[in-house]
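These are the residues of each chain, in order.
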Amino acid sequence: MFNIKVDFKNARVFEKNVMNYAKLVSDIHNELHSKAADENEPCGWLNLPTDYNKVEFERIKNAAKKIQANSDVLLVIGIGGSYLGSRAVIESLTNTFYNMQDKSARKTPQILYVGNNLSTNYINDLMDYIADKDVSINVISKSGTTTEPAIAFRIFREIMENKYSLKEARSRIYVTTDANKGALKKLADKEKYTTFVIPDNIGGRYSVLTAVGLLPIAVAGINIDKLMEGARIAQDKYSDSNLKYNECYKYAVIRNMLYAKEKNIEILVTYEPKMYYFIEWWKQLFGESEGKEQKGIYPSGAEFTTDLHSLGQYIQEGRRNLFETVINIEKSSNDIKMKLEEDDLDNLNYLEGKTLDFVNKKAMEGTIEAHTEGDVPNIKINIEKLDASNIGQLIYFFELACAMSGKILGINPFNQPGVEKYKTNMFKLLGKPGYVDKKSNEE
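Now for a look at the structure at hand. Please read all numbers here as calculations on a predicted model, not as lab measurements. (Residues numbered from 1 in each chain as written. Predicted model: local features only at pLDDT ≥ 70, side-chain atom pairs only at ≥ 80, totals over all residues. Heavy atoms only, no water.)

Here we come to the overall build of the protein. Summing up its helical and strand segments, the protein has 19 helices and ten strands in all. Expected size for 443 residues packed as a compact globule is a radius of gyration near 22 Å; at 23 Å, the protein falls within 12% of this value. Per-residue burial for the protein yields a buried fraction of 49% across its 443 residues. A fraction of 78% describes how many contacts in the protein between residues 6 or more apart in sequence connect residues 24 or more apart. Per element, the accessible surface of the protein, about 21,200 Å² overall, is 50% carbon and sulfur. (Helix = DSSP H or I, 4+ residues; strand = E, 2+ residues; numbered from the N terminus. Rg over C-alpha atoms; globule rule 2.2 N^0.38 Å. Buried < 20%, exposed > 50% of the residue type's maximum accessible area, 1.4 Å probe, protein only. Contact = heavy atoms within 4.5 Å. Areas by Shrake-Rupley, 256 points an atom, 1.4 Å probe, with all protein chains shown as cover.)

Following this line, the structure appears as structure tokens:
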């Protein structure tokens, strides 16, 4: 069942103006889908929900069961798209305090992350924490030479080999990397690690529904069949090239229309703390895809009502270069009903009989109304509830919208040339071979 509905009534654009993009959208749709089956084009994610490798999918589930049986902790080593997607799904669909629960309540290993920063404090604290725990590692990297995860893997691989026999350490290390080449693939073959494939035609930020995301998600006890089923439902729903009937493409168009009106910052808003890392995944997806050639909407995020007490003033009365996209989860999995108190010192008795989710929804409605009146256009994405199928649908919705939006903007949404600049400077400063500063050399 399709459970995503997009509400554009507060977007402050006219439907007739949206439909001016119909021909362009249809052309882009046909261009993208004509490349979906091409191994040399970065569009493999388009058909992934139906064309994924079923044999590898079963291998992922089997590996997850093994890790669940012999490990207290799964250490996910990766950065950017190599960890944000899985973390987004896991934190959306598990207990808010999943990693703090006793294993008897959690029933699956803790999922911890490393290789996403270069902090000595973080890595030392993690080493101390896992010292007395049984650990498995899932290292995720296309090349194996990305600095942050490569450093982390070198450190924690040594820890594993010292903690266990060499044979057992090898059996606890799972590598997700290129099918044929790269430093990590070469090491995995040498050490005979269990390996999973990052497809050549799917970039990192579009890879959550490949082994990149699916192995950690499965280890956390989430039904990856349901996740893929949701993505397949969205693939079918958004297969229509006609803008009139495609809400995903309307979202992409309206983003660009607002951008043309100098609304160059989009805030993705949630009223559910479980969605924090979903926003982080979304920020990378749109930031790396659209921020090129001095163009692009800056992707930001906020968790309301918390951030209304820090950012709310600016959003309401600051510069008018903002718009919001609000993810509204229609049904809570459980709820709390407000009760009457005799003294009513906090003046909350007027809420008697109302549920906390109802109060949260009214806060959302009031905020949307206030921000819209304050010239902050709002788009609302309604999803029925937080479950694997709906999250799968939402992932596909944003991936497709991002590709369409980037193409409308006139940039390539599948590369990230700007990411290399900081690396080049860092390597020069570190004295990495091949990155010597020629100017400094001459001096």
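Burial analysis of strand β5 (residues 173-177) places five of its five residues in the buried class, the great majority of the element. Side chains Ile173, Val175 and Thr177 project from β5 onto one buried face, and the interleaved Tyr174 and Thr176 project onto a second face that is buried too. Relative to β5, strand β4 (residues 135-140) is paired through four bridges, and the arrangement is parallel. The partner of Asn138 across the bridge, within β5, is Tyr174. (Pairing = 2+ DSSP bridges.)

Glancing now at the sheet that holds strand β8 (residues 298-303). Spatially, β1-β10-β9-β7-β8 is the arrangement adopted by the five strands of the open sheet, whose pairing is mixed. Pairing within the sheet leaves two strands with one partner each, and these edge strands are β1 (4-7) and β8. Each adjacent strand pair in this sheet contributes to an overall mean axis angle of 20 degrees, direction not counted. Pairing geometry for strand β9 (residues 322-329) and strand β10 (residues 378-383), over six bridges, is parallel. Each bridged residue has a counterpart across the sheet, and for Ile329 the counterpart in β10 is Ile383. (Axes fitted to C-alpha atoms, helices over the stretch in contact; angles between N-to-C directions.)

Pairing within the open sheet is parallel, and its five strands lie in the order β3-β2-β4-β5-β6. Looking at strand neighbours, the two that pair on one side only are β3 (110-114) and β6 (194-197), the edges of this open sheet. Averaged over all neighbouring strand pairs, the angle between strand axes comes to 20 degrees, with direction disregarded. With five bridges joining them, strand β2 (residues 73-77) and β4 adopt parallel strand pairing. Bridging across to β4, Leu75 finds its partner in Ile137. Here helix α8 (residues 147-163) sits on the sheet in contact with β2, β3, β4 and β5, set at roughly 155 degrees to β4.

With that settled, the discussion passes to α8. In this model, α8 (17 residues) spans 24 Å end to end at C-alpha, consistent with the 24 Å of a helix rising 1.5 Å per residue. What α8 keeps buried is the set Thr147, Glu148, Pro149, Ala152, Phe153, Phe156 and Met160. (Expected span 1.5 Å × (residues − 1).)

Evaluation of the coordinates by the stated rule reveals 20 aromatic pairs. Taken together, a centroid distance of 6.3 Å and an interplanar angle of 85 degrees make the contact between Phe286 and Phe398 edge-to-face. Here Phe286, found in helix α14 (residues 276-290), pairs with Phe398, found in helix α17 (residues 388-409); they are 112 residues apart in sequence, far enough to count as distant. Here Phe286 matches Phe398 in class, with each residue buried. Each residue in the set Phe2, Tyr238, Tyr251, Phe278, Trp281, Trp282, Phe286, Phe397 and Phe398 is aromatic and connected to the rest through ring pairs, giving one cluster. (Phe/Tyr/Trp six-rings, centres within 6.5 Å; stacked < 30°, edge-to-face > 60°.)

Right, let's get into helix α5 (residues 84-93). Where burial is concerned, most of α5 is hidden: eight out of the ten residues are buried. Of the surrounding elements, those touching the buried residues of α5 are β3, α11 (211-219), α12 (224-237), α14 and α17.

Let us now look at the pairing of β8. In this sheet, β8 lies alongside strand β7 (residues 265-270) in parallel orientation, the contact comprising six bridges. Residue pairing across strands places Thr270 opposite Glu303, the latter belonging to β8.

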